[in-house]
There are 2 protein chains.
Amino acid sequence: MPSPHPQNTRERILLTAIGLFADCGYAGVSMRDIATAVGISPPALYNHFANKEALYREAVSTAFADKSARLLQALRNDVPALTQLHDFVHGMTRELDEDDRFRRLLQRELLDADAQRLTFLGRFIFDEVQQPFMALLKSLRPQADAFLLSEMIFGMVKQHYELQPIHPHTTAGIDAHRSAVQIADAVLAVLRPYFSGD
Amino acid sequence: MPSPHPQNTRERILLTAIGLFADCGYAGVSMRDIATAVGISPPALYNHFANKEALYREAVSTAFADKSARLLQALRNDVPALTQLHDFVHGMTRELDEDDRFRRLLQRELLDADAQRLTFLGRFIFDEVQQPFMALLKSLRPQADAFLLSEMIFGMVKQHYELQPIHPHTTAGIDAHRSAVQIADAVLAVLRPYFSGD
DNA sequence: GTAAAGTGAATTAACGTTCGTTAATTATGG
DNA sequence: CCATAATTAACGAACGTTAATTCACTTTAC
């Protein structure tokens, strides 16, 4: 018995695949896994995607869609630079907090992606956010290495989420849960003296 | 014709497997891949390791061996705290710079490891370094959240290496190569005002 | 208005390949 | 001579994918 609403099967496949690929990686997920999770038979996937590689690429693109736009919302030029920095850092923690699949997919892409997928990632995700962010940092501290600085700030924000799986297995991390606001505030507490200095 | 020096076949397997697992992940590497890279037949692997899982665990353990000890060398209590911080940050960048397989394996473990492997990682790698590092940070700034701070500093150091694959595909990262010393100095430049303040 | 034809998405069955692994055997070094 | 480590052959399972078919719904024809 075919689905009564076949028109959104494609979206259900993509949403399911995003979660599975984020959890287990490209090689760790089979077409049968995806089909079973969606509730259809494996060959039905090929009515919507040419092959596994195409399905994976579309899943990644979907997961990354709007992310850069949402991050850029904080970089509105009509507020003070320090306020922009504050909003941007809080925006980053909020995005990472709300959708962990995005971060896991990103980490996997940085480890596994071929040149073509890296180009997509760099051109349409990274460039769009990093360029205006670097401009903001340059305005706050002209003599700084804005490139390294932008990377380091992203690393500060991201690291806590990256280490979350290991927190229950370390003595320091047993009660390590911090809210997105706490993390953003801790990052800004480190950054503020640096940007306020000469 | 068997190898004339079978006693070090095991080590050759481990060294080869570390590189392959770091590059392609657990599911992305087959026993045939490893055997071919070593130059032996696939069943010969089972003379040295019970199965793929055991070989993987031993490869990870080997890759992580001595890492914590090497990092702890910088935390000698007979030098000023700020000097310890300086040496530790430079030590971290040096370790990441010299052996990229370590970082890639670590990233993959944080994404893929089960509870047992996470326990090994947390107990024998993280705890050993993070506890003394947190004590150092607490001595430098008692009112700080030393746990978050230790994570953020590690994130600052690590991020540049994590993003290296994407640098050729971003406009900001085209000529992005920085030496280990440059990265450590940039991190310390951000941290110093924070630890010098009230 | 209803039957025929067509379309798209689902199914089951099955293909060739690769996977991790075992069995049986052979050769080597102490 | 015996333990160790290598080999070739092969097993069953899972892999990505294709083929053939069925089913439901839409469009067309009379």
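Remember, predicted model here, so these are calculated numbers, not experimental data.

Draft legend 1. Structural detail: the state of the cysteines. If you walk through the whole model with that rule in mind, you get zero disulfides over all chains. Among the cysteines around Cys 24 of chain B, which has no disulfide bond, Cys 24 of chain A carries the closest sulfur, lying 17 Å off. Classification of Cys 24 of chain B as partly exposed rests on a relative accessible area of 38%.

Draft legend 2. Structural context of the protein's contact with DNA strand C. As a structural note, the neighbourhood of DNA strand C is formed by 18 residues, with Ser 41 and His 48 of chain A together with Met 31, Arg 32 and Tyr 46 of chain B the closest of them. Put simply, 54% of the atoms of DNA strand C that lie within 4 Å of the protein are in sugar or phosphate. Between DNA strand C and Thr 9 of chain A, the relevant distance is 2.9 Å, taken from a phosphate oxygen to a side-chain nitrogen or oxygen of the residue. Within the side chain of His 48 of chain A, an N or O atom sits 2.6 Å from a phosphate oxygen of DNA strand C. Among the residues making up the surface near DNA strand C, the classes are represented as nine nonpolar, six polar and three charged.

Draft legend 3. Structural context of the packing of aromatic side chains. Going through the model one piece at a time under the given rule, you end up with 14 aromatic pairs over all chains. Relative to Tyr 56 of chain A, the ring of Tyr 26 of chain A has its centre 5.1 Å away and its plane inclined at 75 degrees; by these criteria the two rings are edge-to-face. With Tyr 26 of chain A in the loop between helix H1 (9-24) and helix H2 (31-38) and Tyr 56 of chain A in helix H3 (residues 52-64), this pair connects stretches of sequence that are 30 residues apart. Cluster of aromatic residues (ring-pair linked, three or more members): Phe 21, Tyr 26 and Tyr 56 of chain A. The residue whose ring lies beneath Lys 67 of chain A is Phe 102 of chain A, and the NZ or CZ to ring-centre distance is 5.2 Å. Positioned above the aromatic ring of Tyr 194 of chain B, the side-chain terminus of Arg 141 of chain B is 4.1 Å from the ring centre.

Draft legend 4. Molecular detail of the relation of the copies chain A and chain B. Mapping chain A onto chain B calls for a rotation angle of 180 degrees and an axial translation of 0.0 Å; the resulting RMSD is 0.1 Å. Interpreted geometrically, this transformation is the action of a two-fold axis. Identified as the residue of chain A closest to the rotation axis by C-alpha distance is Gly 155 of chain A, at 2.3 Å. Here 100% of the contact residues of chain A are again contact residues in chain B; the copies associate through an equivalent surface.

Draft legend 5. Just the pattern of salt bridges, in detail. Per the stated rule, a full pass over the model turns up 36 salt bridges over all chains. Between Lys 158 of chain A and Glu 162 of chain B there is a salt bridge; the shortest N-O distance is 2.5 Å. One end of the pair, Lys 158 of chain A, is in helix H8 (residues 146-162); the other, Glu 162 of chain B, is in helix H8 (residues 146-162), on a second chain. For the pair formed by Lys 158 of chain A and Glu 162 of chain B, the shared burial category is buried. Through salt bridges with shared partners, a single ionic network connects Lys 67, Arg 70, Glu 95, Glu 98, Asp 99 and Arg 101 of chain A.

Rules of the game
- Residues numbered from 1 in each chain as written.
- Chains lettered and ligands numbered in written order.
- Predicted model: local features only at pLDDT ≥ 70, side-chain atom pairs only at ≥ 80, totals over all residues.
- Heavy atoms only, no water.
- Disulfide = S-S within 2.5 Å.
- Buried < 20%, exposed > 50% of the residue type's maximum accessible area, 1.4 Å probe, protein only.
- Near = heavy atom within 4 Å.
- Polar contact = N/O pair within 3.5 Å; in protein donor to acceptor, adjacent residues only side chain to side chain.
- Nonpolar A, V, L, I, M, F, W, Y, C, P; charged D, E, K, R; others polar.
- Phe/Tyr/Trp six-rings, centres within 6.5 Å; stacked < 30°, edge-to-face > 60°.
- Helix = DSSP H or I, 4+ residues; strand = E, 2+ residues; numbered from the N terminus.
- Lys NZ or Arg CZ within 6 Å of the ring centre and 35° of its normal.
- Least-squares fit on C-alpha atoms with pLDDT ≥ 70 in both.
- Contact = heavy atoms within 4.5 Å.
- Salt bridge = Lys/Arg side-chain N within 4 Å of Asp/Glu carboxyl O.

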